[in-house]
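Listed below are the residues making up each chain.
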Amino acid sequence: MLYAGMDFDAIDLTNEPPAREPQRQYYFMKQLREWLEIKKEKLHRPLYANVTTFGCQMNARDSEKITGILKIIGYEMTEAEEADLVLYNTCTVRENANLKVYGRLGQLKKQKEKNPEMVIAVCGCMMQEKTVVEKIKKSYRNVDIIFGTHNIFKFAELLSMKVLDEPGKKKMVIDLWEDTTQIVEELPAERKYPFKSGVNIMFGCNNFCSYCIVPYVRGRERSRKPEDILAEITCLVKDGVKEVMLLGQNVNSYGKNLEQPITFAELLRRVEKVEGLKRIRFMTSHPKDLSDDLIEVMRSSEKICKQLHLPLQSGSTRLLEKMNRHYTKEDYLLLVEKIRKAVPDITLSTDIIVGFPGETEEDFKETLAVVERVRYDSAFTFLYSRRTGTPAAALSDQVPDDVCKERFDRLLALVQKISAEKNEALVGKTVEVFVEEENKQDPALLTGRTSGNHLVHFPGEKALIGEFIQVRLEEGKGFYFLGSRQV
Ligand code: SAH
Ligand code: SF4
Ligand code: F3S
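Residues numbered from 1 in each chain as written. Chains lettered and ligands numbered in written order. Predicted model: local features only at pLDDT ≥ 70, side-chain atom pairs only at ≥ 80, totals over all residues. Heavy atoms only, no water.

K.L.:
I keep staring at the overall build of the protein chain and nothing clicks. Help me out?
P.N.:
Across its full length, the protein chain carries 13 helices and 21 strands. For a compact globule of 487 residues, the expected C-alpha radius of gyration is about 23 Å, and the protein chain comes in at 24 Å, within 12% of that figure. Oriented by its inertia axes, the alpha-carbon framework of the protein chain measures out at about 65 × 60 × 50 Å. Within the protein chain, the proportion of its 487 residues that are buried is 54%. (Helix = DSSP H or I, 4+ residues; strand = E, 2+ residues; numbered from the N terminus. Rg over C-alpha atoms; globule rule 2.2 N^0.38 Å. Buried < 20%, exposed > 50% of the residue type's maximum accessible area, 1.4 Å probe, protein only.)

K.L.:
Any chance you could explain the packing of aromatic side chains here in plain terms?
P.N.:
The description of an aromatic ring pair uses the distance of the two centres, along with the angle that the planes make with each other. What the rule picks out here adds up to 11 aromatic pairs. Judged by centre distance (5.6 Å) and plane angle (25°), the ring pair of Phe147 and Phe155 falls under stacked. A residue is classified by how much of its surface remains accessible, and Phe147, at 0% relative accessible area, is buried. When the ring of Phe208 is compared with that of Tyr216, the centres are 5.3 Å apart and the planes differ by 80°; the resulting orientation is edge-to-face. Within the aromatic cluster, the residues linked to one another by ring pairs are Tyr211, Phe356 and Tyr384. The ring centre of Tyr102 lies 4.1 Å from the NZ or CZ of Lys135, which sits over that ring. The ring of Tyr193 is capped by Lys196, whose NZ or CZ atom sits 4.7 Å from the centre of that ring. (Phe/Tyr/Trp six-rings, centres within 6.5 Å; stacked < 30°, edge-to-face > 60°. Lys NZ or Arg CZ within 6 Å of the ring centre and 35° of its normal.)

K.L.:
Help me understand the nonpolar core, please; the structure alone is not making it clear to me.
P.N.:
Among soluble globular proteins, nonpolar side chains are generally buried collectively. Counting 68 residues, the largest nonpolar core has Ile233, Leu246 and Phe264 as its most contacted members. In this structure Leu246 touches Val199, Ile201, Ile233, Val251, Phe264, Leu268, Val271, Ile280, Arg281, Phe282 and Met283, once residues within four positions along its chain are discounted. (Core = buried A, V, L, I, M, F, W, Y, C linked by side-chain atoms within 4.5 Å. Contact = heavy atoms within 4.5 Å.)

K.L.:
Please clarify how the site of ligand 3 should be interpreted in this entry.
P.N.:
If you check the shell around ligand 3, you find Gly55, Cys56, Asn59, Cys91, Thr92, Val93, Cys125, Arg218 and Gln249 and nothing else. Residues that form the shell around ligand 3 fall into these classes: four nonpolar, four polar and one charged. (Near = heavy atom within 4 Å. Nonpolar A, V, L, I, M, F, W, Y, C, P; charged D, E, K, R; others polar.)

K.L.:
Explain helix 5 (residues 155–165) here, please?
P.N.:
In an α-helix there are 3.6 residues to a turn, and that puts residues three or four apart on one side. Within helix 5, eight of the 11 residues are buried, leaving the element largely enclosed by the surrounding structure. Every buried residue of helix 5 is listed here: Phe155, Ala156, Glu157, Leu158, Leu159, Ser160, Lys162 and Val163. Looking at the buried residues of helix 5, the elements they touch are helix 1 (23–43), helix 2 (57–73), strand 5 (85–90), strand 6 (119–124), strand 7 (145–147) and strand 8 (173–175).

K.L.:
For this particular structure, what's the right way to read the site of ligand 1?
P.N.:
Not every one of the 15 residues close to ligand 1 is listed here, only the nearest: Gln249, Pro311, Gln313, Asp351 and Ser385. Within the backbone of Tyr211, one N or O atom sits 3.0 Å away from a nitrogen atom of ligand 1. Between Asp351 and ligand 1, the recorded distance is 2.6 Å, taken from a side-chain N or O atom to an oxygen atom. Here ligand 1 loses 90% of its free accessible area of 540 Å² to cover by the protein chains. (Polar contact = N/O pair within 3.5 Å; in protein donor to acceptor, adjacent residues only side chain to side chain. Areas by Shrake-Rupley, 256 points an atom, 1.4 Å probe, with all protein chains shown as cover.)

K.L.:
Could you clarify how one ought to interpret the sheet that holds strand 4 (residues 76–77) in this entry?
P.N.:
In spatial order, the strands read 4-3-5-6-7-8; together these six strands make up an open sheet with parallel pairing. Here the strands that pair on one side only, and so sit at the sheet edges, are strand 4 and strand 8. Strand direction decides the pairing type here: strand 6 and strand 7, joined by two bridges, are parallel. When the bridges of strand 7 are listed, Val122 appears paired with Ile146. Across the sheet, helix 5 lies against strand 5, strand 6, strand 7 and strand 8, angled at about 155° from strand 7, the strand it touches most. (Pairing = 2+ DSSP bridges. Axes fitted to C-alpha atoms, helices over the stretch in contact; angles between N-to-C directions.)

K.L.:
Looking at this structure, how should I read the pairing of strand 9 (residues 196–200)?
P.N.:
Side-chain direction in a regular strand flips from residue to residue, so the side chains alternate between the two faces of the sheet. When you tally the buried positions in strand 9, you get five out of five residues, the bulk of the element. Of the two faces of strand 9, both are covered, the one formed by Lys196, Gly198 and Asn200 as well as the one formed by Ser197 and Val199. In this structure, strand 9 lies alongside strand 12 (residues 243–247), joined through five bridges in parallel fashion. Within strand 12, the residue paired with Asn200 across the bridge is Leu247.

K.L.:
Would you mind showing me how to read the pairing of strand 5 here?
P.N.:
Along strand 5, six of the six residues are buried, which leaves the element largely enclosed by surrounding structure. Of the two faces of strand 5, the one holding Leu85, Leu87 and Asn89 and the one holding Val86, Tyr88 and Thr90 are both buried throughout. In this sheet, strand 5 lies alongside strand 3 (residues 48–53) in parallel orientation, the contact comprising five bridges. Across the sheet, the residue bridging to Asn50 is Val86, located in strand 5. Pairing analysis gives six bridges linking strand 5 to strand 6, with the strands arranged parallel. Bridge pairing links Tyr88 to Val122 in strand 6.

K.L.:
How should the packing of helix 1 against helix 2 be read in this particular structure?
P.N.:
Between two packed helices, the angle of one axis relative to the other and the distance separating the axes together describe the packing. With their axes 8 Å apart at the nearest point, helix 1 and helix 2 run at an angle of 50° to one another. Considering their axes alone, helix 1 and helix 2 lie oblique with respect to each other. Across the interface between the two elements, Tyr26, Met29, Leu32, Arg33 and Leu36 of helix 1 pack against Ile69, Lys71, Ile72 and Ile73 of helix 2. For the contact of helix 1 with helix 2, the per-class residue count stands at seven nonpolar, no polar and two charged. (Parallel < 35°, antiparallel > 145°, perpendicular 65-115°, else oblique.)

K.L.:
So what exactly am I meant to see when it comes to the sheet that holds strand 21 (residues 480–486) here?
P.N.:
Strands belonging to one sheet form pairs held by backbone hydrogen bonds; the direction of such a pair is parallel or antiparallel. If you walk around this closed barrel you meet the five strands as 17-18-19-21-20, and the pairing is mixed. Within the sheet, the average angular offset between the axes of one strand and its neighbour, ignoring direction, is 55°. Bridge analysis of strand 19 (residues 455–459) against strand 21 gives three bridges, and the strand direction is parallel. When the bridges of strand 21 are listed, Val456 appears paired with Phe481.

K.L.:
Would you mind showing me how to read the pattern of salt bridges here?
P.N.:
Where charged atoms of side chains with opposite charge meet at close range, the side chains can pair. Tallied over the entire structure, the rule returns 46 salt bridges. Residue Arg269 is joined to Glu266 by a salt bridge in which the shortest nitrogen-to-oxygen separation is 3.4 Å. One end of the pair, Arg269, and the other, Glu266, are both in helix 8 (residues 264–272), three residues apart, so they sit about a helical turn from each other. Residue classification places Arg269 among the partly exposed residues on the basis of a relative accessible area of 32%. Exposure remark for Glu266: the relative accessible area of 27% places this residue in the partly exposed category. In this structure, a network of salt bridges that share partners links the residues Glu359, Glu361, Lys365, Glu406, Arg407 and Arg410. (Salt bridge = Lys/Arg side-chain N within 4 Å of Asp/Glu carboxyl O.)

K.L.:
Mind showing me how you'd approach the side chain of Asp377 here?
P.N.:
Within the secondary structure, Asp377 is located in the loop between helix 12 (361–374) and strand 16 (378–383). Residues contacting Asp377, with those up to four places away along its chain left out, are Ile346, Thr347, Leu348, Ser419, Lys422 and His454.

Listed below in structure tokens is the structure:
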């Protein structure tokens, strides 16, 4: 087996682990593979690992990297949390994301009593917060390994420290980095879907929106080199991938800090040239940095999907300023106008926060007005969550829960009404659909997506999975369409 240009079988474990990455990690993977073989023989069964992901697409991609490492080690992946290794990749963007993790960790206590050699690992954004780690150390002693967002690549080394250096000992292995400038390339990654993949183009965030914890837990912005991104995509395409989702907290500021700076629009032009790649998506776009050049690339591209996620957060310029978003309501509306003029049939989605500190009924009505004006195809709506350490958490005029809830319901009703109307207008149209999988509820149906990211279920043969076909949208069902294949 060749990984990162090195022969895995030839790694000599009698040597010291190499200092260079990623070679060092392959050494630990091999060490763990041998350890796992012995365990399997003893137990007369495979060893199972469960990776549960909370949060955004960044975390989903990180979990694919962790899964890639686990599979090289020799674990069988399972959806069941009754496994020999359970890993939670956590999110802390809102309070309820944290609560879910504590709940799950509590439930694992019983399972570990049954299977004392079970390994429990937690990583991701929550672990970058000191208070969280203190709480786990105190109240969740069953956790074996804690690491954060900057050292995902080191997972094999940390697992090896736990199971090989101190087998049976109770000590937790904790490895947390405040920030990093390092990007380790060429580690394995396992994809959830054979035909599409997320691709990180940058890590971290420099925007410090005043409500948001992400810059504190993901560190400063770091872009991958365009060569590395293109090499990864070329490799993915060779392996069957037809659609990529370029990932970053603010893809529009991609490349600014590279030794040889390059814009996101230019990166897209290069990705477009990858032969065999059919569809390109990206997220997330911060409205303040969306350039005319990017709009031009989207307009002239054959591969970039007709879909844009453009978080609004609030329709009140007064609040946008308090949120540190660097655009006004008017800027945002103008941007939408420009994009729609260039790409008329584009699907627009957004994120909106309800109940940011100091939000008045007037502010909220402005948000409703923008939603009515833009008419989003879909919108993710969130109740403001007070994140300790962010500037907004210190503001004294927090909005009472009942007021937030009432506004949230009104916004959701409007968003859903518009979304249903927009979907209804598409019924009867025949569109290109990329067939992604068998429908989870009904195996007679297939599930695919349009360029505009609409989900469509339709009857069809499994052999169509991974193909682009024409489907007539027969019925809008809220979050999805029912369709029929046109030949
Ligand atoms: N980088 C992306 C967003 C990442 S977080 C961007 O700027 O668009 C995803 C969404 O979570 C945000 O767009 C915001 O709407 C929401 N969010 C972030 N912090 C929040 C908080 N404290 N309370 C409620 N929602 C929040
Ligand atoms: Fe958070 Fe703002 Fe960065 Fe998005 S751009 S991750 S909302 S700080
Ligand atoms: Fe959550 Fe971290 Fe993403 S906080 S939203 S998983 S970057």
